[in-house]
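Structural overview
Each chain, written out:
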Amino acid sequence: MNHRSAVDLHLHSTASDGMLSPAELVAHVAACGVRLMALTDHDTVAGVAEAAAAAQVHGIGFVAGVEISVSWRGRSLHLLGLAIDPAAPALTSGLAGQVSLRLQRAARIAERLDARGAPGREALEALQSRGVIPTRMHFARELVALGIAPDPGAAFERWLGRGRPGHVRADWPELAEATRWIRAAGGKAAIAHPMRYPLSAGARRELCAEFAAAGGHGIEVVTGGGSPNHREQALSLAVRSGLEGSVGSDFHDPAIPWNPPGRLAKLPGSVRPVWRGAPFPGLAADPETA
Ligand code: AMP
Ligand code: MN
Ligand code: MN
Ligand code: MN
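What you see as residue numbers is a count from 1 along each chain, following the sequence as written. Chain letters and ligand numbers both follow the written order, the letters beginning at A and the numbers at 1. Given that this is a predicted model, residues contribute local features only at a pLDDT of at least 70 and side-chain atom pairs are listed and counted only at 80 or more, while totals for whole chains, interfaces and linings are drawn from all residues. Only heavy atoms go into the side-chain values, all of them from the structure, while hydrogens and water stay out.

**Some words on the coordination of the manganese ion (ligand 4)**
The cut-off we apply is this: Donors, by definition, are the N, O and S atoms found within 2.8 Å of a metal, the threshold being 3.2 Å for Na, K and Ca, and water is not counted, so a site can look incomplete. Here a strand is any run of E in DSSP of at least two residues, a helix any run of H or I of at least four, and the numbering for each starts at the N terminus. Partly exposed residues are those whose accessible area sits between 20% and 50% of the maximum for their type, while under 20% is buried and over 50% is exposed, using a 1.4 Å probe and protein chains only.
Within the protein, His-10 (NE2), His-12 (NE2), Glu-67 (OE) and Asp-250 (OD) serve as the donor atoms for the manganese ion (ligand 4), at 2.1 to 2.2 Å. When the donors of the manganese ion (ligand 4) are listed by position in the chain, the intervening gaps give H-x1-H-x54-E-x182-D. The metal-metal distance between the manganese ion (ligand 4) and the manganese ion (ligand 2) is 4.6 Å. A residue pair is termed long-range when its members are at least 10 positions apart, and His-10 in the loop between β1 (7-8) and α1 (22-31) and Asp-250 in the segment after β7 (244-248) qualify at 240 residues. Pair check on accessibility: His-10 and Asp-250 agree, each one buried.

Here it is as structure tokens:
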């Protein structure tokens with residue numbers, strides 16, 4: 001009996017801050033045993049067409065996705081859009097706004113790093129020359145390349161994490177607003193890694209209740225790097241708020257060992273899988289039970 005899930009609905013490519021191109025990512029996750037995947041880059045669907053074509057070649061199920069940065073009670077959270085139509089106008093206009101927020105925030109991150117004696121502008125210029133949609137992870141890697149930090153984790157610790165000079169708040173849209181974009185694109189909205197936010201247990205329950213009332217569909221119950229205890233808590237949040245459950249590794253980089261694709265536990269049977277039924281493709285068998 002295989003205890004690993006064959007589903008992974010949270011994956012990054014070079015279209016945002018992943019290290020593999022969309023086609024390389026699909027080849028990698030297929031080789032890791034994943035049978036149904038979503039590409040969920042930060043605030044962009046630019047990698048989706050290439051990934052969809054590669055998924056056909058590898059014979060695995062694929063849905064278009066996105067991980068949208070949103071605000072809830074003044075905090076930033078991540079919202080997954082799954083099985084979306086990447087060309088839906090409400091979504092593409094929303095994501096265009098996200099890209100400009102990211103570009104503006106990157107300029108402020110660079111300024112603030114410079115003011116503290118780190119080479120922010122140099123890092124930003126390197127990112128601009130590659131035309132990336134900048135995330136803090138991109139800055140972390142540039143600070144490593146510039147010899148300012150030994151590895152990206154250390155760059156977050158010293159420069160980019162919460163309370164550090166390069167942690168710049170962006171005025172992300174409200175959770176309910178981005179949920180509307182995803183619904184307008186025919187997809188399902190799911191809160192990413194719900195246990196990773198610094199919220200009290202009560203606030204987390206209110207978040208899920210409000211999200212369900214705003215038309216949200218699910219939360220990630222099984223996440224990369226999440227402990228069994230986190231999974232139990234996320235499961236109980238989903239059941240209590242009537243939300244569906246998702247499974248996603250949040251994989252970015254084959255050199256980082258803590259969240260490889262194809263190693264996640266199966267979704268517990270007490271929550272409905274977000275991938276069951278439309279708008280997900282009708283697979284011959286549920287990849288989790290096959
Ligand atoms: P952003 O959306 O621009 O704020 O960047 C967030 C991304 O940075 C996340 O998706 C992760 O890939 C990465 N990240 C955030 N916090 C950390 C951390 N403490 N250590 C390593 N990577 C992190
Ligand atoms: Mn990321
Ligand atoms: Mn995230
Ligand atoms: Mn992610």
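**Regarding the coordination of the manganese ion (ligand 2)**
Taken together, Asp-17 (OD), His-42 (NE2) and His-252 (NE2) make up the full set of protein donors to the manganese ion (ligand 2), lying 2.1 to 2.2 Å away. Between the manganese ion (ligand 2) and the manganese ion (ligand 3), a separation of 5.8 Å is found. Of the two residues, Asp-17 sits in the loop between β1 and α1 while His-42 sits in the loop between β2 (36-39) and α2 (48-58), which places them 25 residues apart along the sequence.

**Here's the deal with a positive patch on the surface**
Which entries qualify depends on this criterion: The patch calculation keeps residues exceeding 30% relative accessible area without a salt bridge and links them within 9 Å when they carry like charges or within 5 Å when they are nonpolar (Val, Leu, Ile, Met, Phe, Trp, Tyr). Reported accessibility uses the Shrake-Rupley method at a 1.4 Å probe radius. Residues are deemed covered only where the shown protein chains occlude them. What makes a salt bridge here is a side-chain nitrogen of Lys or Arg within 4 Å of a carboxyl oxygen of Asp or Glu, nothing more. Positive: Lys, Arg. Negative: Asp, Glu. His and the chain ends are not part of the count. Taken as the charge location is NZ of Lys, CZ of Arg, CG of Asp or CD of Glu.
Together, Arg-108, Arg-112, Arg-116, Arg-158 and Arg-164 make up a positively charged patch on the protein surface. Tracing the sequence through the fold places Arg-116 in the loop between α3 (89-115) and α4 (120-130). Taking the relative accessible area as the measure of exposure, Arg-116 reaches 53% and is therefore exposed.

**Looking at helix α6 (residues 152-160)**
In plain terms, the rule: What the arc describes is the spread of directions from the helix axis to the C-beta atoms. Any two residues whose heavy atoms approach within 4.5 Å at even a single point are treated as in contact. In the analysis that follows, any N or O atom pair within 3.5 Å is treated as a polar contact, provided that within protein one partner can donate a hydrogen and the other can accept it, and provided that, for residues neighboring in sequence, both atoms belong to side chains.
By the burial criterion, the buried members of α6 are Ala-155, Trp-159 and Leu-160. Buried residues of α6, seen end-on, are gathered within an arc of 60° and therefore sit on one face of the element. For α6, the elements touching its buried residues are α3 and α5 (136-145). Where α6 begins, the capping side chain belongs to Asp-151, and its oxygen is found 3.1 Å from the backbone nitrogen of Gly-153.

**Structural notes on the packing of α3 against α4**
Packed helices, taken two at a time, are described by their axes: the angle between them and the distance between them. To keep it simple, the criterion reads: Throughout, an axis means a line fitted to C-alpha atoms (over the contacting stretch in the case of helices), and angles, computed between N-to-C directions, take values from 0 to 180 degrees. Small angles under 35 degrees read as roughly parallel and large ones over 145 as roughly antiparallel, with 65 to 115 read as roughly perpendicular and the rest as oblique. Each residue is assigned to one of three groups, with Ala, Val, Leu, Ile, Met, Phe, Trp, Tyr, Cys and Pro labelled nonpolar, Asp, Glu, Lys and Arg labelled charged, and all others, Gly among them, labelled polar.
Where α3 meets α4, the closest approach of the two axes is 7 Å, and the angle between their N-to-C directions is 150°. With respect to α4, the element α3 is oriented roughly antiparallel. Together, Ala-106, Ala-107, Ala-110, Glu-111, Leu-113 and Asp-114 of α3 and Gly-120, Arg-121 and Leu-124 of α4 make up the contact between the two elements. In terms of residue class, the contact of α3 with α4 is built from five nonpolar, one polar and three charged.

**Regarding the packing of aromatic side chains**
The condition is simple: Planes of paired rings set the category: under 30 degrees apart is stacked, over 60 is edge-to-face and the rest tilted, where pairs are Phe, Tyr or Trp rings (Trp by its six-membered ring) whose centres lie within 6.5 Å. The rule is short: NZ of Lys or CZ of Arg within 6 Å of the ring centre and within 35 degrees of the ring normal puts a charge over the ring.
Summed over the entire model, instances satisfying the criterion amount to zero aromatic pairs. In this structure, Arg-158 is placed above the aromatic ring of Trp-159, and the distance from its NZ or CZ to the ring centre is 4.0 Å.

**Observations concerning the pairing of β7**
Inclusion rule: Strand pairing follows a simple DSSP-based rule, namely that at least 2 bridges must link the two strands. When the strands point away from the viewer and the path from the first strand over the helix to the second turns clockwise, the crossover is right-handed.
The buried fraction of β7 is high, at five of five residues. Neither face of β7 is exposed, since Glu-244, Ser-246 and Gly-248 on one face and Gly-245 and Val-247 on the opposite face are all buried. Here strand β6 (residues 218-223) runs beside β7; their pairing, made up of five bridges, is parallel. Within the sheet, the bridge partner assigned to Val-222 lies in β7 and is Val-247. Handedness of the β6-helix α9 (residues 228-241)-β7 crossover: right-handed.

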